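Residues per chain, in single letters:
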Amino acid sequence: MKNVKVISVDDYIYEDNYIYFISSQLFIIGKYDLQSRKADVLVDYSQLIGIGSAFARIIKTEHKIYCIPCYANDIYCYDLALNKFYSLNISEEWFRCMPKRKIIEPVKVYGNVYCICRSPHIVISIDPEQDTYEISSCQECTEEHDCFTVVLKNNSIEYPFMHNKIIRFDTERKEFILKTLFKSDADKDPWENIAFFLYDNKENIWFCNFKGEVFRTGDNQIEKIAMPNEFVGHYYHMNQWRRHGIIGMSYRMGKICFMLGTDYRILQYNISDRSFIWSKNPEAVTFKNQEIYSHSKRMDERNFLLYSRTNNFFYIWNIEKGFLDKFPIVPLGEFFSHSQFLRNKCLNASELQNINLNLFLSFVEKQDDCKDNLYGEVSGMKIYHILSGDK
């Protein structure tokens, strides 16, 4: 399976030894048990939503999982207790104002869900108990971001606005406040806008921009941190598209941790003595100018869960002990047998690129209704040519 992309996990969350995830390729919401190392399909939404990349984010609160749209035109909810999947029926006028590919970041505050959108600039507040929502709009903020981080601070949500400003949204008053980090008169390159930021234990703000430059602000002063030469703040994907190289940034135990998309290592900056520590991942698969890690999520105070689209593996990293574990979501063959989308298509391999032969056979083996047809029409050299992309 090396170098073969089987499925893509678009987003995931970790809770109580389970990984909940969405896959736009399989049109499912799935659950993975870290103890038993078994996966299960919670929802097959292929018949309800036939749009590829329908969702980009998920978030869980109590017994509900909310699917945040990418190309879909509503927010959907899966109720674990009732085994029910449904839309919130948010007014279409807001989604008509958004780009076709929506950039929305969800966050949970005291049991409620808040979805931050940058185009148009709105916050959708969801009450999971009542399944009701409220939309707050900020007319003053019009600048767009295609990537940004969200920080929780007391009853407020903070997120980047420009290269020297962040926005604070008060969840109680439903008010927007623009906060300037440092004075700046010059027009800036959009790549100098803030991508990630955080607070340390002394209330200093640390942030990096899309170029990968790192700064610390405090007492109306700004300091640029001299990063190691190996630190890749941005890169050109497949030598063509410029991309931000940092996928995560976290403050833990007196250190700033940088999760890099194109480096199999994690970089830690010790604030007290200004030293850098590289944490190596001996199990990572590396490819030049391609992502190694695509996501990074915090499991608890010391552990992080990273995901690689390149080889479809998860990695657990501990801030003190380094990388502890590596695992795929298995058995993937079970997903093929559950997916209504694939059953209806009888696994049209021309629509599923780079599929692994073993997983294809796993699917065929479980399909009693179309087994003869598949074995008769897609076997031997035919399978080889389909997997190779030949007609």
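Up top is the structure.
Residues numbered from 1 in each chain as written. Predicted model: local features only at pLDDT ≥ 70, side-chain atom pairs only at ≥ 80, totals over all residues. Heavy atoms only, no water.

**Q** Pulling in residues and values, what's your account of the overall build of the protein chain?
**A** When helices and strands are tallied, the protein chain shows six helices and 30 strands. Per-residue burial over the protein chain gives 53% buried out of 391 residues. Contacts in the protein chain between residues at least 24 apart in sequence constitute 43% of all its contacts with a sequence separation of at least 6. Carbon and sulfur atoms provide 44% of the accessible area of the protein chain, an area that totals close to 19,000 Å². (Helix = DSSP H or I, 4+ residues; strand = E, 2+ residues; numbered from the N terminus. Buried < 20%, exposed > 50% of the residue type's maximum accessible area, 1.4 Å probe, protein only. Contact = heavy atoms within 4.5 Å. Areas by Shrake-Rupley, 256 points an atom, 1.4 Å probe, with all protein chains shown as cover.)

**Q** Could you give an account of the pairing of strand β5 (residues 55-61), naming the residues involved and the relevant values?
**A** Looking along a regular strand, one sees the side chains alternate between the two faces of the sheet. The buried count for β5 comes to six of seven residues, which makes it a mostly enclosed element. With six bridges connecting them, β5 and strand β6 (residues 64-69) associate as antiparallel partners. For arginine 57, the partnering residue across the bridge sits in β6 and is isoleucine 68. Between β5 and β6, which follow one another and run antiparallel, lie two residues, and glutamate 62 among them has a positive phi close to 55°. (Pairing = 2+ DSSP bridges.)

**Q** Lay out the packing of aromatic side chains with the relevant residues and their values.
**A** Under the definition given, this model contains 21 aromatic pairs. Here the aromatic rings of tyrosine 18 and tyrosine 20 are separated by 6.3 Å at their centres, their planes lie at 45°, and the arrangement is tilted. Measuring from centroid to centroid gives 5.4 Å for tyrosine 32 and phenylalanine 327, while their planes differ by 5°, and the two rings are stacked. Placement of tyrosine 32 in strand β3 (residues 28-33) and of phenylalanine 327 in strand β30 (residues 322-328) is noted, with a sequence separation of 295 residues between them. Here phenylalanine 327 falls in the buried class, since its relative accessible area comes to 2%. Cation over ring: arginine 37 sits above phenylalanine 327, and NZ or CZ is 4.6 Å from the ring centre. The side chain of lysine 84 reaches across the aromatic face of tyrosine 86, ending 5.2 Å from its centre. (Phe/Tyr/Trp six-rings, centres within 6.5 Å; stacked < 30°, edge-to-face > 60°. Lys NZ or Arg CZ within 6 Å of the ring centre and 35° of its normal.)

**Q** Please provide a residue-by-residue account of the sheet that holds strand β23 (residues 246-252), values included.
**A** Strands sit in the order β23-β24-β25-β26 across an open sheet of four strands; the sheet is antiparallel. Across the chains shown, the open sheet's two edge strands, defined by having one partner strand only, are β23 and β26 (275-279). Pairwise comparison of adjacent strand axes, ignoring direction, gives a mean angle of 20° for this sheet. Bridge analysis of strand β24 (residues 255-260) against strand β25 (residues 266-270) gives five bridges, and the strand direction is antiparallel. Within β25, the position partnered with methionine 259 by the bridge is isoleucine 266. (Axes fitted to C-alpha atoms, helices over the stretch in contact; angles between N-to-C directions.)

**Q** Tell me about the pattern of salt bridges, residues and numbers included.
**A** A complete count under the given rule lists 14 salt bridges for this structure. Salt-bridge contacts for glutamate 15 lead to lysine 60; the nearest nitrogen and oxygen are separated by 2.5 Å. Here glutamate 15, found in strand β1 (residues 11-15), pairs with lysine 60, found in strand β5; they are 45 residues apart in sequence, far enough to count as distant. By relative accessible area, glutamate 15 is classed as partly exposed at 23%. A salt bridge links lysine 224 to glutamate 213, with the shortest nitrogen-to-oxygen separation between them at 3.3 Å. One end of the pair, lysine 224, is in strand β20 (residues 221-225); the other, glutamate 213, is in the loop between β18 (205-209) and β19 (214-218), with eleven residues separating them in the sequence. Relative accessible area serves as the criterion here: at 51%, lysine 224 is assigned to the exposed category. (Salt bridge = Lys/Arg side-chain N within 4 Å of Asp/Glu carboxyl O.)

Function-wise, these values are silent; they only describe arrangement.
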